[in-house]
Amino acid sequence: VQLQASGGGLVQAGGSLRLSCAASGRTFSSYVMGWFRQAPGKEREFVAGISWSSGSTYYADSVKGRFTISRDNAKNTVYLQMNSLKPEDTAVYYCAADLDFKRLEIADYWGQGTQVTVSS
């Protein structure tokens, strides 16, 4: 099982990025997929999640209205569209997968992380 995260980079404040998380190695149709981030010196925090089967979405308050999580079933890929980026969004972003949303913090599967840097 593999989760491959990509799409990070350097962007100015107010800009946009789209992260991708390609899943492979098993069927994820029953899973919840999530994005987390960890900034230097801070704990990892939940950003957004999506149910692969229902499409229900969940967001941290800090990103509501700016970030959108979505999925492409045909490509087995989950996306995180990040708009109106702020310097405080700078972090390494990780995707994760688990059968239970409540377990996402300790998910069974994790991607390798992709760096997002927002300059002021």
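Look up a bit, the structure's there.
Procedures and definitions
Residues numbered from 1 in each chain as written. Predicted model: local features only at pLDDT ≥ 70, side-chain atom pairs only at ≥ 80, totals over all residues. Heavy atoms only, no water. Helix = DSSP H or I, 4+ residues; strand = E, 2+ residues; numbered from the N terminus. Rg over C-alpha atoms; globule rule 2.2 N^0.38 Å. Buried < 20%, exposed > 50% of the residue type's maximum accessible area, 1.4 Å probe, protein only. Salt bridge = Lys/Arg side-chain N within 4 Å of Asp/Glu carboxyl O. Pairing = 2+ DSSP bridges.

Participant: Go over the overall build of the protein chain, please, and point to the residues and values.
Facilitator: Helix and strand content of the protein chain: 0 helices and 11 strands. Along the protein chain, helices and strands appear, N-terminal first, in the series β-β-β-β-β-β-β-β-β-β-β. For 120 residues, the compact-globule estimate of 2.2 N^0.38 gives 14 Å, and the protein chain sits close to it at 13 Å. If one aligns the C-alpha atoms of the protein chain with their principal axes, the spans along those axes are about 40 × 30 × 25 Å. Expressed as a percentage of the 120 residues in the protein chain, the buried residues total 42%.

Participant: Outline the pattern of salt bridges, supporting the account with residue identities and numerical values.
Facilitator: If charged atoms from side chains of opposite charge come close, those side chains can pair. According to the stated counting rule, one finds 6 salt bridges in the structure shown. Of the charged contacts, one joins Arg-37 and Asp-89 as a salt bridge, the two residues approaching to 2.9 Å between their closest N and O atoms. Highlighted residues: Arg-37 in strand E4 (residues 32-38) and Asp-89 in the loop between strand E8 (77-82) and strand E9 (91-98), separated in sequence by 52 residues. Comparing Arg-37 with Asp-89 shows no difference in burial state: the two are buried. Note that Asp-98 and Arg-103 form a salt bridge whose closest N and O atoms lie 3.1 Å from each other. According to the relative accessible area criterion, Arg-103 is partly exposed, its value standing at 32%.

Participant: Let's hear about the pairing of strand E11 (residues 114-119): which residues, and what values?
Facilitator: Across the two faces of E11 the burial differs, with Thr-114, Val-116 and Val-118 buried and Gln-115, Thr-117 and Ser-119 not buried at all. Pairing analysis gives 4 bridges linking strand E2 (residues 9-12) to E11, with the strands arranged parallel. Residue pairing across strands places Leu-10 opposite Thr-117, the latter belonging to E11. Examined bridge by bridge, E9 and E11 share 3 bridges and lie antiparallel to one another. Along E11, the bridge assignment pairs Ala-91 with Val-116.

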